[in-house]
Amino acid sequence: MSLTPSVPSSTREKPLLRVLAGERRRCPPFWLMRQAGRYLPEYRATRAQAGSFLDLCFTPDLATEVTLQPIRRYGMDAAILFSDILVVPLGLGQTVSFEEGRGPVLEPLRGASDLSRLELGGQRERLAPVYQTVRQVKAALPPAVAMIGFAGAPWTVASYMVEGGSSRDFAIAKRWAGEETESFQRLIDLLVEATVDHLSAQVEAGAEVLQIFDSWANAWVREKSSTALRRWCLEPCRQIIAKLKARHPTVPVILFPRAVGPHIALFAKESGAAALSLDEGVPLAWARATLQPMLPLQGNLPPRLLVEGGPALEAQTKLILSELGQGPFIFNLGHGILPETPPEHVAALAAMIREGSPA
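Residues numbered from 1 in each chain as written. Predicted model: local features only at pLDDT ≥ 70, side-chain atom pairs only at ≥ 80, totals over all residues. Heavy atoms only, no water.

(A) Examining the overall build of the protein chain more closely. Counting its secondary structure elements, the protein chain contains 17 helices and nine strands. For a compact globule of 359 residues, the expected C-alpha radius of gyration is about 21 Å, and the protein chain comes in at 19 Å, within 12% of that figure. For the protein chain, the C-alpha atoms occupy an extent of roughly 60 × 45 × 40 Å along the three principal directions. Residues classed as buried in the protein chain amount to 59% of the 359 residues present. Here the analysis covers contacts within the protein chain between residues at least 6 apart in sequence; of these, 73% occur between residues at least 24 apart. Put simply, the protein chain shows about 14000 Å² of open surface, and 51% of that area lies on carbon and sulfur atoms. With 37 positive and 36 negative side-chain charges, the protein chain shows a separation of 4 Å between the mean positions of the two kinds. (Helix = DSSP H or I, 4+ residues; strand = E, 2+ residues; numbered from the N terminus. Rg over C-alpha atoms; globule rule 2.2 N^0.38 Å. Buried < 20%, exposed > 50% of the residue type's maximum accessible area, 1.4 Å probe, protein only. Contact = heavy atoms within 4.5 Å. Areas by Shrake-Rupley, 256 points an atom, 1.4 Å probe, with all protein chains shown as cover. Lys, Arg positive; Asp, Glu negative; His and termini not counted. Charge placed at Lys NZ, Arg CZ, Asp CG, Glu CD.)

(B) Expanded view of the UniProt feature "site: Transition state stabilizer" (unreviewed entry) in the protein chain. Mapped onto the present numbering, the UniProt feature "site: Transition state stabilizer" (unreviewed entry) falls at D84. Along the chain, D84 falls in the loop between β1 (78-80) and α5 (87-91). Filtering out sequence-adjacent residues up to four positions away, D84 remains in contact with F53, C57, F98 and F150. Within the structure, the side chain of D84 is placed 2.9 Å from the backbone nitrogen of L86, a separation counted as a polar contact. (UniProt positions renumbered as here; feature names shortened; annotations may be inferred. Polar contact = N/O pair within 3.5 Å; in protein donor to acceptor, adjacent residues only side chain to side chain.)

(C) Structural context of the packing of aromatic side chains. The tally for this structure, following the rule as stated, stands at 12 aromatic pairs. Centroid distance F150 to F213: 5.7 Å. Interplanar angle 85°. Geometry classified as edge-to-face. Linking F150 in strand β4 (residues 146-152) with F213 in strand β5 (residues 209-214), this pair joins segments that are 63 residues apart in sequence. Here the aromatic rings of F184 and W232 are separated by 4.9 Å at their centres, their planes lie at 85°, and the arrangement is edge-to-face. Of the two residues, F184 is situated in helix α10 (residues 181-205) and W232 in helix α12 (residues 226-247); the sequence distance between them amounts to 48 residues. Of the two residues, F184 and W232, neither departs from the other in class, the shared state being buried. Through successive ring pairs, a cluster of aromatic residues spans W155, F170, W176, F184, W216, W220 and W232. (Phe/Tyr/Trp six-rings, centres within 6.5 Å; stacked < 30°, edge-to-face > 60°.)

(D) Focus on the pattern of salt bridges. Taken as a whole and judged by the stated rule, the model has 16 salt bridges. Across the pair K14 and E208 runs a salt bridge whose closest N-O atoms are separated by 3.1 Å. Here K14 is found in the segment before α1 (15-20), whereas its partner E208 is found in the loop between α10 and β5, with 194 residues between them in sequence. Taking the relative accessible area as the measure of exposure, K14 reaches 6% and is therefore buried. Overall, the relative accessible area of 14% leaves E208 in the buried class. (Salt bridge = Lys/Arg side-chain N within 4 Å of Asp/Glu carboxyl O.)

(E) Geometry of the pairing of strand β3 (residues 103-106). Pairing analysis gives four bridges linking strand β2 (residues 96-99) to β3, with the strands arranged antiparallel. Residue pairing across strands places E99 opposite G103, the latter belonging to β3. In textbook terms, the turn of a hairpin is the stretch between consecutive antiparallel strands, and for β2 and β3 this stretch comprises three residues, one of which, G101, has a positive phi near 80°. (Pairing = 2+ DSSP bridges.)

(F) Focus on the layout of surface pockets. Quantified by volume, the largest pocket comes out at close to 1200 Å³. Elements with a minimum of two residues in the lining of the largest pocket: α2 (41-50), β2, β3 and α8 (154-163). When the residues that make up the lining of the largest pocket are grouped by side-chain class, the tally is 20 nonpolar, 10 polar and eight charged. (1 Å grid on protein atoms, 1.4 Å probe; cavity = no way out; pocket = protein on both sides within 12 Å on 5 of 7 lines; lining within 4 Å. Points joined across faces, edges and corners; volume = space filled by probe spheres on them. Nonpolar A, V, L, I, M, F, W, Y, C, P; charged D, E, K, R; others polar.)

(G) Main features of the packing of α2 against helix α4 (residues 60-74). Where α2 contacts α4, the axes come no closer than 10 Å and their chain directions differ by 175°. In this view, α2 runs roughly antiparallel relative to α4, as classed from their interaxial angle. Along its contact with α2, which presents P41, E42, Y43, T46, Q49 and A50, the element α4 presents L62, E65, V66, Q69 and R73. Per-class residue counts for the contact of α2 with α4 are five nonpolar, three polar and three charged. (Axes fitted to C-alpha atoms, helices over the stretch in contact; angles between N-to-C directions. Parallel < 35°, antiparallel > 145°, perpendicular 65-115°, else oblique.)

(H) Local environment of the nonpolar core. Core analysis: the largest hydrophobic core is formed by 128 residues, its most contacted members being F184 and L187. No other element matches the 11 residues that α10 contributes to this core. If sequence neighbours within four positions are ignored, L187 has contacts with L109, L115, L118, A158, M161, V162 and W176. (Core = buried A, V, L, I, M, F, W, Y, C linked by side-chain atoms within 4.5 Å.)

Structure (structure tokens):
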């Protein structure tokens, strides 16, 4: 794969965009999921100024500051907007809060009658501070650093909206999807439209790459239902990516269908994504042989190894670079960085990545 003449000239300045256009680089670009977060002392100081987590997300100056902090420290090749996937339910009018020790708390949707509480029309106004953050970050970034916007996939976001927060088994959402399929489809369809609008607004504000997180796609894998996985995870993401391509044909979308095992090949073939982000369970050699000929890959260092550091971190980093660095590849984690991660381990990782893949 190689860059084509239609690639915008701005792409040529940014390693991340070059890889997403199909280029292999000896020193792959890197960024880390949740790279702006609690493992950084400067983040904790800014978070203390903000008050609540949502206040931090919705105060552009503070959200800009925490988005830029890891770029200043480590020189990542991309900044990802500091926000949360649950701003979309908030934008639709659902009550959302974050409680210490509990996480997200939402006023749950429990059936078709609750869908009337949601309204797409006010989303852009409610989420305007998020888009202002994108504008501010983009203006502050070094020329070679790409700006990533993001959203949660419809199934993952719907699971929070229905369960009222985090869940281990997604029993209520699965029951609704199975027993009242038509109304659950209406919720998913609404989330497709809301997600397209939210991501489009980020592009209009300056995002150059988009990532869609389907963190709980594995709920259907555990059910051993490939039909449900296709309907509730793959198909909504395919629709979002197609609609985004129609609006923003030069903006690549990275898709992260977490922990779906070999089903990830379906997402490579059918989603339309520009790249796939791999969780730590995806075998490297299989990914290289099966997935990478189809599209660029991103991933997939286990976050726990970044906590551990030392020889284990070095060995796995070198293995990933060796296995996936021969094709178009972005180095990242297999999931978000853990709060207990020592910042010096991230610095060590950055140094190893800059040494590059074997020729």
